Amino acid sequence: MHAYPCLGAALSALVETRCKLNKQTGLLTLLAVLISPIMMQNAHAATAPTSKIAADLQQVISAPSTPSLSWAKDVNGKRMVKVLVISNSTDPDLVALRADVIAKGGAVYLRFVSVAALSAMLPAAQVSAIAARADVSGISPNRLTARTSSTLEYATGTLSSNVRTYTNATAYSGLDGTGVGIAVLDSGVLEQHSNVMGIDGKTSRVMKAVDFQKVGDATALGAKDWTAGIDASASLYPGSKTMADYETSINSMAINRPDLYGHGTHVASVAAGRGYYQANDSTGVAPNASLYDVKVLDANGYGQLSDVLAAIDWVIYHAKEYNIRVMNLSLAADSTETWQTDPLCIAVRSASAAGITVVVAAGNFGQTLGGTERFGTVSSPGIDPSVITVGAANTKGTTARNDDTVNFFSSRGPTRGSYVDANGVTQRDNLLKPDLVAPGNKIVGALATDKAGAGGSWNYLAKTYSLLSSPYGGAAQKGNVALMNLSGTSIAAPAVAGAVALMLQANPGLTPPMIKAMLQYSAQPIAGANLLQQGAGLLNVDGAVQLARAVRTDVETAVKAGTIAPGAPLLAAGKTMPAAISTVNGQTFNWSRIVYVGGNQIASGDALFTKFQPTYDHRLVWARNVARRHTVTYWPAASGVPANTYVKSITWMPAANQSLITAGVTFGTMLVGTSSSINKTGAFTLSASLSNLLRAGSGYVLGNGVILSEGVILSEGVILSEGVILSEGVILSEGVILSEGVILSEGVILSESGQTGAASSNDTALLGEP
């Protein structure tokens with residue numbers, strides 16, 4: 001099926017003549033098609049999302065009575081909804097849009113930087129009127145977000161001569177994340193826990209703690225909840241009193257119990273815990289990285305989407321100032337939207353454009369209550385092509401890697417965000433996810449109490465589920481050294497975040513897309529698991545660090561300056577490509593050599609790292625037939641405000657004509673064939689089988705690369721045939737909210753509290769599997 005059905009057979013025939021195998025050279029040439037501006041308009045119209053109101057919001061607007069939701073309420077007899085209004089206006093202050101929201105009986109809470117959007121309240125009856133504005137591209141409900149709820153060093157390949165080695169129980173040499181900041185957007189971090197202390201054991205590595213609960217409703221700026229006629233979207237420019245007051249209002253460093261739920265502290269310790277001070281070594285992947293506690297979830301593990309957007313804005317704003325290079329989101333929101341319009345996806349994409357590597361949990365919806373496997377259950381923002389989406393692996397309690405499996409609860413791809421095209425046809429994103437998996441089953445980490453470690457102050461998870469702490473002494477443990485187990489993709493994600501910190505310590509010049517490619521290429525495929533279950537394979541820190549050290553250290557600087565050309569030499573002086581093998585815990589294995597590009601294409605080969613690939617520009621995003629370029633603008637230098645430090649705005653537009661992938665890269669997309677779960681082909685191809693083919697030299701070497709010309713990108717990539725899936729009886733989620741009927745129970749899809757949704761079992765996403 002062609003990406004542009006409205007262009008008809010004429011263009012399809014032209015495509016056939018331009019995408020062919022050269023029998024003499026064996027090269028697959030992918031060329032862009034030059035078409036008339038009129039045809040281009042038709043092509044864009046066929047693929048651009050046209051339904052401005054999110055499906056779950058529309059359902060609430062049309063419901064006969066006001067549902068019981070965090071974002072919908074009957075106020076004085078009128079149905080009101082809290083929404084995110086996404087704009088395409090060229091005015092960064094969105095003045096006209098804000099005025100119209102107020103005029104229609106609504107309120108404006110915040111204006112965001114990471115996404116051109118307003119957090120607002122509107123009468124339900126006025127949503128359509130606001131959506132009809134030319135400067136509005138979409139309206140989404142202010143959905144709930146939720147947590148997606150050492151042996152770790154051994155299991156991830158961190159303890160190798162290429163990464164980190166110990167001379168005794170507490171002394172080591174090598175990479176530990178020093179100087180790299182990791183922002184943890186979660187339920188809070190107990191900064192006095194021994195796991196997050198520095199080398200001296202006394203100074204906390206939690207550098208800042210901020211709390212964004214309710215900020216999405218601008219209560220931090222004086223707004224009143226569910227009150228119309230308010231515009232609290234003040235400009236937070238550097239050095240202003242408004243900005244200083246805002247920072248003061250969200251500062252939470254003095255809070256005695258910063259993590260009442262207990263999830264964020266554990267997540268932080270997996271990424272960067274220093275836990276070899278006791279017999280149960282709970283050391284994380286990057287034990288000297290700096291931590292930034294960005295609280296967005298409450299004592300029950302829930303939060304509002306607007307809180308998360310405000311938190312992402314804060315991270316972007318301070319990223320250069322604090323050297324925050326990694327952002328971990330072990331949370332997600334249910335979403336009916338395509339990655340192109342989903343507010344959380346737009347925000348994390350903006351963070352990536354600002355140079356922050358974003359690591360997110362895939363979700364814990366891989367099986368139904370009856371134990372049947374479910375595909376298409378990756379949640380927002382894991383559906384975005386720019387982020388690193390992490391599934392969970394079961395290490396079976398051993399340091400060996402050859403017995404690992406993919407957890408049953410770990411969400412499977414493909415992404416199932418949707419939009420309605422100009423012909424009224426619902427289109428699914430169908431992007432390949434997750435990107436890789438990491439240990440996420442019964443992982444030991446820090447147990448949050450209060451700062452003094454007093455008895456009776458344990459967090460909700462530890463108090464509710466005694467099994468989590470019982471392996472380490474249960475209630476008999478001392479407060480700020482207490483440990484507990486957690487499982488879930490939200491525990492796998494910070495393991496990858498820690499790996500990213502090590503890679504950036506080894507090579508600060510890496511861009512987020514380069515990091516993602518290196519992690520995938522060096523991953524170890526788990527036997528018996530396919531591309532939709534595990535992506536490229538199991539996290540291999542040893543291999544990722546080898547690749548990081550092999551390439552130039554000035555890539556990010558050159559990308560921003562526009563001084564690095566497609567195909568430019570990428571290896572550092574005197575370096576060669578690593579051998580694509582690792583030895584971890586005495587076991588030697590081959591790397592996957594699999595990298596996802598363009599959302600549903602599979603690339604491989606040395607050229608990915610010996611030549612600069614244009615897709616390594618973190619301001620560019622490419623998924624299927626969509627390519628966009630972001631522009632990051634900084635506040636100008638002023639008294640006390642350094643230049644090029646604080647982000648003012650992030651905008652995007654369709655990418656100009658350019659190369660996306662250079663000649664010499666091997667494409668493996670053609671090796672997998674049509675998707676069939678029965679035949680294990682297409683998206684259901686076993687990752688190990690594909691890896692073996694690529695290692696043996698199979699695949700097509702691109703003669704001319706992949707080129708974006710006049711907005712057209714050829715080749716569909718791996719397509720998930722809807723008919724094949726349904727006929728084979730595979731359970732495929734069609735939209736986790738609406739099809740599963742959970743919208744009236746807050747629409748929360750991810751839970752590690754032991755609660756269960758309408759169709760998924762999440763108990764094991766907290767307590768773990770055998």
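Just so it is clear, the model here is predicted, and its values are computed rather than measured.

Basis of the calculations
Residue positions are given per chain, counted from 1 along the sequence in the order it is written. Where totals are concerned, whole chains, interfaces and linings use all residues; where local detail is concerned, this predicted model gives features only for residues with pLDDT of at least 70, and gives and counts side-chain atom pairs only at 80 or more. Remark: hydrogens and water are excluded; side-chain values derive from all non-hydrogen atoms of the structure. Helix and strand assignments come from DSSP, with helices taken as H or I runs of at least 4 residues and strands as E runs of at least 2, each series counted from the N terminus. Using a 1.4 Å probe on the protein chains alone, a residue whose accessible area is under 20% of its type maximum counts as buried, one over 50% counts as exposed, and one in between counts as partly exposed. Accessibility throughout is a Shrake-Rupley quantity obtained with a 1.4 Å probe, and a residue counts as covered only by protein chains that appear here. In this analysis, axes come from line fits to C-alpha atoms, helices being fitted only over the stretch in contact, and the angle between any two N-to-C directions falls in the range 0 to 180 degrees. With respect to orientation, any angle under 35 degrees is reported as roughly parallel, any angle over 145 as roughly antiparallel, any angle of 65 to 115 as roughly perpendicular, and every other angle as oblique. Contact between two residues is taken to exist if any of their heavy atoms lie within 4.5 Å; hydrogens are not considered. When residue character is reported, Ala, Val, Leu, Ile, Met, Phe, Trp, Tyr, Cys and Pro are called nonpolar, Asp, Glu, Lys and Arg charged, and the others, Gly included, polar. Helix crossings get a hand from a simple test, with the near helix turned counterclockwise from the far one by less than a right angle marking a left-handed crossing and a clockwise turn marking a right-handed one. Confidence scores here are pLDDT values: one per residue, from the predictor, ranging 0 to 100. The arc in question is the one traced by the directions running from the helix axis out to the C-beta atoms.

Attention now moves to the overall build of the protein chain. Each helix and strand counted, the protein chain has 21 helices and 37 strands in total. The proportion of buried residues among the 770 residues of the protein chain is 62%. Of the accessible surface of the protein chain, which amounts to about 25,400 Å², a share of 54% is contributed by carbon and sulfur atoms.

Moving on, we come to the packing of helix 9 (residues 305-322) against helix 10 (residues 343-353). Contact pair helix 9 / helix 10: the axes reach a minimum separation of 10 Å and the direction vectors enclose 10 degrees. Judged by the inter-axis angle, helix 9 sits roughly parallel to helix 10. Residues Leu-305, Val-308, Leu-309, Ile-312 and Ile-316 of helix 9 touch helix 10, and the partners they reach there are Pro-343, Leu-344, Ala-347, Val-348, Ser-350 and Ala-351. Tallied by class, residues from the contact of helix 9 with helix 10 come to 10 nonpolar, 1 polar and no charged.

Packing of helix 12 (residues 489-506) against helix 15 (residues 541-550) leaves a shortest axis separation of 9 Å and a crossing angle of 25 degrees. The angle between helix 12 and helix 15 falls in the class roughly parallel. By crossing handedness, the relation of helix 12 to helix 15 is classed as right-handed. Where helix 12 abuts helix 15, its residues Ala-499, Leu-502, Met-503 and Ala-506 lie against Val-541, Ala-544, Val-545, Ala-548 and Arg-549. When the residues that make up the contact of helix 12 with helix 15 are grouped by side-chain class, the tally is 8 nonpolar, no polar and 1 charged.

Let us look at the confidence of the model for the protein chain. In this model, the protein chain carries a mean pLDDT of 84, and residues with pLDDT of at least 70 account for 84%. Counting interchain partners and residues more than four positions distant, the pLDDT-below-50 stretch residues 1-48 has 81 contacts. Note that pLDDT drops below 50 for residues 721-726; the model gives that stretch 12 contacts with residues more than four away or on any other chain.

Of the residues making up helix 19 (residues 687-695), those classed as buried are Ser-687, Leu-690, Ser-691 and Leu-694. The buried residues of helix 19 occupy an angular sector of 100 degrees when the element is viewed end-on, so they sit on one face. Residues of helix 19 that are buried sit in contact with helix 14 (531-534), strand 29 (601-604) and helix 18 (669-672).

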